[in-house]
Amino acid sequence: MSNLHSSIQFKVPEPTLRRLPWYLAYAQLVLKEGELYLSSTQIAKNIAVDASMVAKDLSYVNISGRTRVGYDVKELVGILEAFLGFTNSHKAFLFGVGSLGGALMHDNGLEQFGLEIVAGFDVKYELSGTSINRIPIHHLDRFVELQQQTGINIGVLTVPVDKAQMVSEIMIAGGIQAIWNFTPFRIRVPENIIVQNTSIYAHLAVMFNRLNAIKEDEKKKILNQRHQKLK
Ligand SMILES: NC(=O)c1ccc[n+]([C@@H]2O[C@H](COP(=O)([O-])OP(=O)(O)OC[C@H]3O[C@@H](n4cnc5c(N)ncnc54)[C@H](O)[C@@H]3O)[C@@H](O)[C@H]2O)c1
């Protein structure tokens, strides 16, 4: 990625960066269906966001739609893929090949999003020399040597929570500059290190909360109906 490209990306607000992959996924679907043009209103309807928000988000990626016709779908897909860094594969090491780490190594979808896990590291000796989805697993002791050979600077952290800080320090000392942290521990890192904390559980809480809101609404409706009948 060029410096110019990365300096543009840093100015993009995080919520926009989180929405762009949704637009891309929808544009890819439309492209498959053979459509040539796509409007921001169409995108907005399908993603359930505001059309003006879609247009604003897309203004960050330097693509302009044609009045009344919309965006050229092929161009939109290409630009979004390149912008999000999905076209150039980023290679990563994974630390902690347990149930979550193993599942991530099994997931072929990650590569579509530009991340390729090329090796896993663990402290369990019985895992050394084995592989998951053709990705080799090594003992953690071999990390520095393999980092020096490959120059890989992204690390996926899936170790037990009480090991998160210690392993992240080993990762950083060995040359990792960006950590995708799946542990619930808020690791402390030097300023120049990028950390992205990710939790699938956070989204669960949102889903439960919305479900409860629906239930509360239904309860209110039932109570209202009873009141009406009593009147
Ligand atoms: N973010 C999420 O949504 C999410 C979801 C599930 C689990 N988690 C978290 O992911 C982490 C892993 O969970 P899991 O269920 O896969 O646990 P697990 O016990 O199945 O796997 C952990 C692995 O880390 C290895 N390990 C331990 N110490 C290590 C070290 N110093 N260096 C390298 N590897 C080491 C273990 O040998 C084991 O193979 C936990 O912190 C858990 O809380 C997060």
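Residues numbered from 1 in each chain as written. Predicted model: local features only at pLDDT ≥ 70, side-chain atom pairs only at ≥ 80, totals over all residues. Heavy atoms only, no water.

**Some thoughts on the domain arrangement of the chain**
Interfaces are frequently sized by the accessible area removed from exposure as the parts join. Stated formally: Segmentation into domains, and thus their bounds, comes from an automatic or database assignment.
What the domain assignment reports for the chain is domain 1 (3-83), domain 2 (90-198) and domain 3 (202-231). Look at where the C-alpha atoms of domain 1 and domain 2 centre, and you get two points 31 Å apart.

**Digging into the packing of aromatic side chains**
Formally: For this analysis, a ring pair means two rings from Phe, Tyr or Trp (six-membered ring only for Trp) whose centres lie within 6.5 Å, classed as stacked if their planes differ by under 30 degrees, edge-to-face if by over 60, and tilted for the remaining angles. What counts as a helix is a DSSP run of H or I of at least four residues, what counts as a strand is a run of E of at least two, and both are numbered from the N terminus. Relative accessibility thresholds used throughout: buried, under 20% of the residue-type maximum; exposed, over 50%; partly exposed, between the two (1.4 Å probe, protein chains only).
Inspection of every chain in the model, using the stated rule, returns six aromatic pairs. Ring centres of F95 and F121 lie 5.4 Å apart, and the angle between their planes is 25 degrees; on these two criteria the pair is classed as stacked. Placement of the pair is F95 in strand β3 (residues 90-95) and F121 in strand β4 (residues 115-122), with a sequence separation of 26 residues. Each of the two residues, F95 as well as F121, counts as buried. The interplanar angle of 50 degrees and the centroid separation of 4.6 Å between the aromatic rings of W180 and F182 together place this pair among those described as tilted. Using a relative accessible area of 23% as the deciding quantity, one classes W180 as partly exposed. Each residue in the set F93, F95, F121 and F143 is aromatic and connected to the rest through ring pairs, giving one cluster.

**Here we look at the packing of helix α2 (residues 14-32) against helix α5 (residues 73-83)**
Under the convention used in this document: Throughout, an axis means a line fitted to C-alpha atoms (over the contacting stretch in the case of helices), and angles, computed between N-to-C directions, take values from 0 to 180 degrees. The crossing is said to be left-handed when, going from far helix to near helix, the turn is anticlockwise and less than a right angle, and right-handed when the turn is clockwise. Contacts are assigned to residue pairs with any non-hydrogen atoms lying within 4.5 Å of each other. Three classes are used, and their members are as follows: Ala, Val, Leu, Ile, Met, Phe, Trp, Tyr, Cys and Pro are nonpolar, Asp, Glu, Lys and Arg are charged, and the others, Gly among them, are polar.
Interhelical geometry of α2 versus α5 gives an angle of 145 degrees and a closest axis separation of 9 Å. In the crossing of α2 with α5, the sense of the turn from one axis to the other is left-handed. Touching L17, L20, Y23, L24, A27, Q28, V30 and L31 of α2 are V73, K74, L76, V77, L80, E81 and F83, all from α5. Here the residues of the contact of α2 with α5 are counted per class, giving 12 nonpolar, one polar and two charged.

**Concerning the pattern of salt bridges**
Operational definition: What counts as a salt bridge is simple: a side-chain nitrogen of Lys or Arg found within 4 Å of a carboxyl oxygen of Asp or Glu.
Across all of its chains, the model carries six salt bridges by this definition. Of the charged contacts, one joins R142 and E145 as a salt bridge, the two residues approaching to 2.9 Å between their closest N and O atoms. On the basis of relative accessible area, E145 is assigned to the partly exposed category, the value being 37%. The shortest N-O distance in the salt bridge between D162 and K163 comes to 3.3 Å. Judged by its relative accessible area of 35%, K163 is partly exposed.

**A look at the layout of surface pockets**
The criterion, for reference: Throughout, the protein atoms alone are placed on a 1 Å grid, and a set of points is a cavity if a 1.4 Å probe fits but cannot get out or a pocket if it is open with protein on both sides within 12 Å along at least five of seven lines; lining residues have an atom within 4 Å of a point. Grid points are joined across faces, edges and corners, and a volume is the space filled by probe spheres set on the points.
By volume, the largest pocket amounts to about 2,400 Å³. The wall of the largest pocket is formed by 48 residues, among which L17, L84, F86, W180 and Q196 lie closest to the centre. The set of elements that each furnish at least two residues to the lining of the largest pocket consists of α1 (3-11), α2, α6 (99-106), α7 (109-112), β8 (178-181), β9 (194-197) and α10 (200-230). Among the elements that make up the lining of the largest pocket, the one with the highest residue count is α2 (eight residues). Looking at the second largest pocket, its volume works out to about 570 Å³. In terms of lining residues, the second largest pocket is bounded by 29 residues, among which T158, V159, P160, V161 and T183 are the most central. The set of elements that each furnish at least two residues to the lining of the second largest pocket consists of β4, α9 (164-173) and α10. Partitioning the lining of the second largest pocket into residue classes produces 17 nonpolar, eight polar and four charged.

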